[in-house]
Amino acid sequence: MTLHDAFAKAAQLDAHDPLAVQRAHFDIPDGTLYFDGNSLGPLTFRSREALHQTIEHEWRERLIRSWNENWLDMPLRVGNAIAPLIGAATNTVICADNTSINLSKALHAAVALRPDRTEIVVDINNFPTDIYIAQSVASQYGLTLVAVTADEIAGAISQNTAVVTATHVDYRSARILNAEEITRVAHQHGALMVWDLAHTAGAVPFDAQQLDTDFAVGCGYKYLNGGPGAPAFIYVAPRLLEVSGQPLQGWWGHAEPFQFEVDYRPAPGISRFLTGTANVLSMKSLEASLEVFSGVTMAQIREKSMALTSFFVELFDQFLAAKGFTMGSPRAPEQRGSHVALGFAGGKALVESMAERGVIADFRPPDLMRFGFAPLYNSYADVVKLAEHLANH
Ligand SMILES: *Cc1c(COP(=O)(O)O)cnc(C)c1O
């Protein structure tokens, strides 16, 4: 295959791509090739419109009346918009805070539900913030942190385990962990499971209900395209909603926040996982960007995601393997999330020089270049252009 053949193949695939029309929702600057939606999703036209409307109408004109007219319900409303993307039922997901804080709330809640247990099991290769949060919860409760590789998690779970936490799609390699097995083994030992869906939500299907995971958390600004600092989400299994608490009990999690009672009474249901005032502007942007997912199924997204990453792997074999790049992601598409990582000794400098040419990817030390392929806006032609830039570096 020559590059010319690759472009011809891409044109064919793009012409028959049912998701190709979705790209029109995204305001990606001309001349920019974007492969970093796994870190920061691009601006949608809907987010810009919603922010404008919020500022000019809801804030400027309606002022404080907008809390009752629109804003108070937003954390649950946005949670309910995220729910179908992660296989969750209505009123079991709420939008709040950031992923780190939500993970902390979930781990605290889990540990409190297993007071006789002595260990927390984590993936040692997890995103560092997840490990820091687990370290802090472990030290506050005097628990042992059992940090093992992804393949060792199931074997490390025992009758001593209070909670297991791991990220469903590895942030470096894009490897998809075996959520069924790990969740099942955790439950067989009476432990609770917290999945981090940072690189899953909006890119890889996840079925919170079928897995029966206890908790899940995830990001609003990656594949959900909510914008820089967009709030995150937390899922709690329906069977735990009334029995779990969280450490940051603030007025937004109170049963009746506007009664201004002195004693804390948790709200019924998922709202008890709120703490304080919502970040209205950021949440508005996320609420609007989620509209892009309506009319699109996660199965369609997954199918195109696997096709895009597989196409890139094919081009890697053809054009990049002989030029010093190594494959840093699983080769089997069903084991791979929506990005592909390549090892390259000069990766940092190459990511920087490509960015100057408008080809945006990212780099994770020591030598990994990451390329996110987002099915809603990346085309097959984008994939060939990326391979061409890398081959001619
Ligand atoms: C991106 C990411 C986060 C981000 O956490 P924030 O608190 O939102 O900054 C956390 N965990 C994982 C696995 C991530 O990939």
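Residues numbered from 1 in each chain as written. Predicted model: local features only at pLDDT ≥ 70, side-chain atom pairs only at ≥ 80, totals over all residues. Heavy atoms only, no water.

Undergrad: Quick rundown of helix α2 (residues 45-61)? Include the residues and the values.
TA: Spanning 17 residues, α2 covers 23 Å between terminal C-alpha atoms, matching the ideal 24 Å at 1.5 Å per step. In α2, a bend of some 35° at Thr 54 exceeds every other bend along the element. When we look at burial in α2, the residues that qualify are Ser 47, Ala 50, Thr 54 and Glu 58. Those residues of α2 that are buried lie in contact with α3 (65-71) and α11 (280-290). Within two residues after α2, Leu 63 carries a phi angle of roughly 50°, on the positive side. (Helix = DSSP H or I, 4+ residues; strand = E, 2+ residues; numbered from the N terminus. Expected span 1.5 Å × (residues − 1). Bend = angle between axes of the 7 residues up to and from the residue. Buried < 20%, exposed > 50% of the residue type's maximum accessible area, 1.4 Å probe, protein only. Contact = heavy atoms within 4.5 Å.)

Undergrad: Before we move on, could you go through the environment of Ser 136 and cite the residues and values that matter?
TA: As for its position among the elements, Ser 136 is in helix α6 (residues 128-141). Placed 105 residues apart in sequence, Ser 136 and Gly 31 show a C-alpha to C-alpha distance of 44 Å.

Undergrad: Any details on helix α4 (residues 74-82)? Residues and values, ideally.
TA: Listed in full, the buried residues belonging to α4 are Met 74, Pro 75, Val 78, Gly 79 and Ile 82. Down the axis of α4, the buried set is contained in an arc of 135°. They therefore lie on one face. (Arc of directions from axis to C-beta.)

Undergrad: Which residues make up the site of the ligand, and what are the values?
TA: Around the ligand, the surrounding shell holds 14 residues, and the nearest of these are Ser 100, Asp 130, Asp 196, His 199 and Lys 222. Asp 196 has a polar side-chain atom sitting 3.1 Å from a nitrogen atom of the ligand. A distance of 3.1 Å separates an oxygen atom of the ligand from a polar side-chain atom of Tyr 221. Protein chains shield 88% of the accessible area of the ligand, which is 390 Å² for the free molecule. Sorting the residues of the shell around the ligand by element identifies α5 (99-113) and α6 as the ones contributing at least two each. The residue makeup of the shell around the ligand, split by class, is four nonpolar, seven polar and three charged. (Near = heavy atom within 4 Å. Polar contact = N/O pair within 3.5 Å; in protein donor to acceptor, adjacent residues only side chain to side chain. Areas by Shrake-Rupley, 256 points an atom, 1.4 Å probe, with all protein chains shown as cover. Nonpolar A, V, L, I, M, F, W, Y, C, P; charged D, E, K, R; others polar.)

Undergrad: Help me get a handle on the sheet that holds strand β4 (residues 144-148), residues and values and all.
TA: Across the sheet, seven strands lie side by side as β2-β8-β7-β6-β5-β3-β4; this open sheet has mixed pairing. Sheet topology places β2 (93-96) and β4 at the edges, where each strand pairs with a single neighbour. The average undirected angle you get between the axes of adjacent strands in this sheet is 20°. Its contacts with the sheet put α4 on β2 and β8 (232-236), and the angle it makes with β2 is roughly 120°. (Pairing = 2+ DSSP bridges. Axes fitted to C-alpha atoms, helices over the stretch in contact; angles between N-to-C directions.)

Undergrad: Go over the packing of aromatic side chains, please, and point to the residues and values.
TA: Scanning the entire structure with this criterion turns up 14 aromatic pairs. Seen from their ring centres, Phe 127 and Tyr 171 are 5.0 Å apart, and the 75° between their planes marks the pair as edge-to-face. One end of the pair, Phe 127, is in the loop between β3 (119-123) and α6; the other, Tyr 171, is in the loop between β5 (161-167) and α8 (179-188), with 44 residues separating them in the sequence. An aromatic cluster is built from Trp 67, Trp 71, Trp 251, Trp 252, Phe 258 and Phe 260, whose rings are joined through pairwise contacts. Between Lys 222 and the ring centre of Phe 127, over which it is positioned, the NZ or CZ distance is 5.5 Å. (Phe/Tyr/Trp six-rings, centres within 6.5 Å; stacked < 30°, edge-to-face > 60°. Lys NZ or Arg CZ within 6 Å of the ring centre and 35° of its normal.)

Undergrad: Can you break down the domain arrangement of the protein chain residue by residue, with the values?
TA: By the assigned domains, the protein chain splits into domain 1 (3-30 + 297-391) and domain 2 (50-293). Tallying the contact residues gives 24 residues for domain 1 and 18 residues for domain 2. Summed over both sides, the interface of domain 1 with domain 2 buries roughly 1,600 Å², with 66% coming from carbon and sulfur. For the domain 1 face of the interface with domain 2, the top three residues by lost area are Met 298, Arg 302 and His 339, together amounting to 30%. Counting every contact that joins domain 1 to domain 2 gives zero salt bridges. (Domains from an automatic or database assignment. Buried area = accessible area lost by both parts, 1.4 Å probe. Salt bridge = Lys/Arg side-chain N within 4 Å of Asp/Glu carboxyl O.)

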